[in-house]
Amino acid sequence: MSKKVLGESIYVPAYSRIFSYPQRSDLLAATLAVHNVDPETAITLTRVDYHGEDGKVLRSLLEQPLELAPFQSKTVLIPINDTSGGVGANFIVEWSSDAPALSPIAEAIMTSGSGGPGPSFTTRGRVIERRHAE
C-alpha cells in the first residue's frame, strides 16, 4: 500500500510540438488529467500552472481551489493551436488534503488531433515536493 501524505507538488511534462525533422514539427494538443485515486479521502487541487520551455508561468489554469472526491478527475486542455509552451512545456500541479491521502495520478496526453495518423503519447507526473503528516 502506498504511503499517504498531506499534499504534493507534481511536475508533468507536456509538449505543444515535437520535431520529426530539423525543419519540420508537428503541433500537439495537451490534456492534463489529474485523478484522485484515494477511495476514501477527498483532495483539493490548489494550483495548476502551465509553464513554457523557458520555465516561466504562461497561465494559471485553476481559478480557485477545486476539491476532487474519491475517484473524481479533473482535466485541462491546451489546444493544438497554442504553441506558447514549446517543446519543453510542463504543468505544475499542487494538491493538499486535511487528512492523509494517496497521491493522485497526474499525466498529460498529447495528440496531433489531425484526424489522421499522427503522434499521440502520454507523460506521467513526478513528485517534486511532498508534505508529510507530522
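Everything that follows concerns the structure shown earlier in this document.
For clarity, every value in this text was computed on a predicted model and none was experimentally measured. (Residues numbered from 1 in each chain as written. Predicted model: local features only at pLDDT ≥ 70, side-chain atom pairs only at ≥ 80, totals over all residues. Heavy atoms only, no water.)

## Focus: the sheet that holds strand β8 (residues 73-78)
The condition that has to hold: Only strands that DSSP links by at least two bridges are regarded as paired with each other. Each helix is a run of H or I in the DSSP string that is no shorter than four residues. Each strand is a run of E no shorter than two, and both are numbered from the N terminus. With axes taken as lines fitted to C-alpha atoms, and helix axes fitted only over the stretch in contact, angles between N-to-C directions fall between 0 and 180 degrees.
An order of β8-β4-β10-β11 is seen for the four strands of this open sheet, with the pairing classed as antiparallel. With one partner strand each, in any of the chains shown, β8 and β11 (120-124) form the two edges of the open sheet. Strand-to-strand, the axes of this sheet are offset by a mean angle of 20°, without reference to chain direction. In terms of strand pairing, strand β4 (residues 29-35) meets β8 through six bridges, oriented antiparallel. By the bridge assignment, Leu32 is partnered in β8 with Val76.

## Regarding the pairing of strand β3 (residues 24-27)
As defined by bridge partners, strand β2 (residues 17-21) adjoins β3 across four bridges and the pair is classed as antiparallel. By the bridge assignment for β3, Arg17 is matched with Leu27. Turn length for the β2-β3 hairpin, with the two strands adjacent in sequence and antiparallel, is two residues.

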